[in-house]
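# Architecture at a glance
Here's the letter readout for the chains.
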Amino acid sequence: MKTLITGGTVVSSTGSALQDVLVDGETIAAVMAPGSQALGPITADRTIDATSRYVIPGGIDAHTHMEMPFGGTSASDTFETGTRAAAWGGTTTIVDFVVQSHGQRVQDQVAAWHDKAAGNCAVDYAFHQIIGDVNDDSLKAMDELIGEGITSFKLFMAYPGVFLSSDGQILQAMQKGAENGGLIMMHAENGSAIDVLVQQALQRGDTAPYFHGTSRPWQMEEEATHRAIMLADVTGAPLYVVHVSAKQALAQIAKARGAGQNVFGETCPQYLYLSLEDQLGARSDEWGGFEGAKWVCSTPLRARAEGHQDELWTYLRTGDVTSVSTDHCPFCMKDQKEMGIGDFSRIPNGIGSVEHRMDLLFQGVKDGRISLERWVDVCCTTPARMFGLYGRKGIITAGADADIVVYDPEGHTSIGMGPGRTHHMNMDYSAWEGWEIDGHVDLVMSRGEVVVDGGGYVGSKSHGRFVPRSLSQNLI
Ligand SMILES: [Zn+2]
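Residues numbered from 1 in each chain as written. Predicted model: local features only at pLDDT ≥ 70, side-chain atom pairs only at ≥ 80, totals over all residues.

## Considering the overall build of the chain
A tally of regular secondary structure across the chain gives 13 helices and 23 strands. When its C-alpha atoms are laid out on the principal axes, the chain stretches across 75 × 55 × 40 Å. Buried positions account for 57% of the 476 residues belonging to the chain. The long-range fraction of contacts in the chain, counting pairs at least 24 apart against all pairs at least 6 apart in sequence, stands at 77%. (Helix = DSSP H or I, 4+ residues; strand = E, 2+ residues; numbered from the N terminus. Buried ≥ 20, exposed ≤ 12 C-beta atoms within 10 Å, placed from the backbone. Contact = placed C-beta atoms within 7 Å.)

Okay, structure coming up:
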């Protein structure tokens, strides 16, 4: 099956040009000047007219948590519903986190995640490994996983008693990363100090979702980020700090990068757009003072008055924010977020955004925050390089997987559950209700197969495959 995508502007991380794309089977066969006959007359079984549209690599969301167990419940998107929603939004690869916590064996958890995902994904998927219990067995597993295409390992400085590693454990895991080339990913918040602030807030009677934000102040993120950078520097391990929300933490990352250290920062759409004041402090008729629970996640949304959001956009433009993922970890209000009525510390942490990342960041292009090319870079190309997928994913070039999005820059997308709006994640609310985007995902192709076409899902859950990853291709 040959498909010719014609008339569109191919956008890469380095430039844009009118080009035709020939897809043969699962891969891209050629990228050509319009009307080019250089390869002889082109015969295609199907032609897709992309006139006045952008043709971009499929999005790579390098931070998702489908079906993740958390606080006595599980993230509400399964691999099936979550990858279908991803496809709707132009994301054709997710990298999900296998979870190992205390008392569990890493390799058992990897097997469990393969079981959950296999045969259930609309688009391709890969895995990172959470090491919640650093011990001899899990350190050995880190070596084994590199050979199995799981080449990045997430550690936690937050959540004492659940995922938190001591500085000594972090150092050991980083030494392993320095040795085997694995990338260390870090949730950088000072969890022990935060737990005290949380208990003190609850004792004062500050139990509403808003206080989730104020009990995790930016100092706790900056301090942990700095500590992680220092530990990485001692060991020589590459470090990728996930979901950075504080501008001060990014300043630490920028400083380390300036000194030539292999340190990278990720942020998420919620930290670029949403805030402590507007969301965590929100009240509605339906939910009253509990509405903010919709946006409880960690790191927390930050105060707009402190200027984090604007600075994050600046760091995104300059490159010290390396890429944008979603940290997609949805929970419904009913029966899930509701567990925290009267005690914000019991609200499951997470926001669902896997469907909207490409659109939300394209709005940044429309608003003059980032260039068109930087949009593709932070959403597709750099995540591919960062996590060892580049060449196969994240680029439109001959030989790459035909993961392609046709994007209409003059289209419009209304996000939310209301009439005429779009939302396909398995949640009973949208964290982005009422957001209007000046662009639209018209068509999505995953390995040569059209999965979303003209506003309809036409894919199948048997399509997506596990993609083994190489070591990072993005180190300094
Ligand atoms: Zn996460």
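## Quick word on the sheet that holds strand E17 (residues 323-324)
Judged by pairing direction, the sheet is parallel, and its 8 strands sit side by side in the order E8-E11-E12-E13-E14-E15-E16-E17 without closing on themselves. Where the open sheet ends on each side, the last strands, each with one partner, are strand E8 (59-64) and E17. Bridge count for strand E16 (residues 263-267) against E17 is 2 bridges, and the pairing is parallel. When the sheet's bridge partners are listed, Glu266 is paired in E17 with Ser323. The strands touched by helix H8 (residues 247-258) within the sheet are strand E15 (239-241) and E16, with E16 carrying the most contacts at an inclination of about 150°. (Pairing = 2+ DSSP bridges. Axes fitted to C-alpha atoms, helices over the stretch in contact; angles between N-to-C directions.)

## Description of the packing of helix H12 (residues 357-366) against helix H13 (residues 372-386)
The contact between H12 and H13 brings their axes to 9 Å, and the two run at 150°. Taken together, H12 and H13 sit at an angle that is classed as roughly antiparallel. Judged by the sense of rotation from one axis to the other, the crossing of H12 with H13 is right-handed. Between H12 and H13, the contacting residues are Arg357, Met358, Leu361, Phe362, Gly364 and Val365 on the first element and Leu372, Trp375, Val378 and Cys379 on the second. A breakdown of the residues in the contact of H12 with H13 according to their chemical character gives 8 nonpolar, 1 polar and 1 charged. (Parallel < 35°, antiparallel > 145°, perpendicular 65-115°, else oblique. Left-handed = near helix turned anticlockwise from the far one by under 90°. Nonpolar A, V, L, I, M, F, W, Y, C, P; charged D, E, K, R; others polar.)

## Some points on the nonpolar core
Counting residues in each nonpolar core, the largest one holds 144 residues, and the members touching the most others are Val21, Val55, Ile184, Met186, Ala228, Leu239 and Val241. Of the residues forming this core, the biggest block, 7 residues, is contributed by H13. Here this core spans two domains, and each of domain 1 (2-56 + 395-457) and domain 2 (58-386) adds at least three residues to it. When near neighbours in sequence (up to four residues on either side) are disregarded, Val55 contacts Ile5, Gly8, Thr9, Val10, Val21, Ala50, Ile396, Ile404 and Val406. (Core = buried A, V, L, I, M, F, W, Y, C linked by C-beta atoms within 7 Å. Domains from an automatic or database assignment.)

## Some thoughts on helix H4 (residues 167-180)
One turn of an α-helix holds 3.6 residues; hence residues three or four places apart share an orientation. With 14 residues, H4 extends 20 Å from end C-alpha to end C-alpha; this agrees with the ideal 20 Å at 1.5 Å per step. Buried within H4 are the following residues: Ile170, Ala173, Met174, Lys176 and Gly177. Looking straight down H4, one finds its buried side chains confined to an arc of 155°; they lie on one side. Those residues of H4 hidden inside the fold are in contact with strand E12 (124-131), helix H3 (136-147), strand E13 (152-156), strand E14 (183-187) and helix H7 (218-235). (Expected span 1.5 Å × (residues − 1). Arc of directions from axis to C-beta.)

## Overview of unusual backbone geometry
Residue Thr299 follows Ser298 across a cis peptide bond; omega there is 0°. With respect to the helices and strands, Thr299 occurs in the loop between helix H10 (276-280) and helix H11 (308-318). A positive phi is found at Asp327, a non-glycine position, where the angle reads about 55°. Among the secondary structure elements, Asp327 is positioned in the loop between E17 and H12. A positive phi is found at Asp335, a non-glycine position, where the angle reads about 65°. By the element assignment, Asp335 lies in the loop between E17 and H12.

## Some points on the environment of Val365
Tracing the backbone through its elements, the reader meets Val365 in helix H12. Given 20 C-beta atoms within a 10 Å radius, Val365 is considered buried. For the pair Val365 and Glu291, spaced 74 residues apart in sequence, the C-alpha separation works out to 30 Å. If near-sequence neighbours (up to four positions away) are discounted, Val365 is found in contact with Ile370, Ser371, Leu372 and Trp375.

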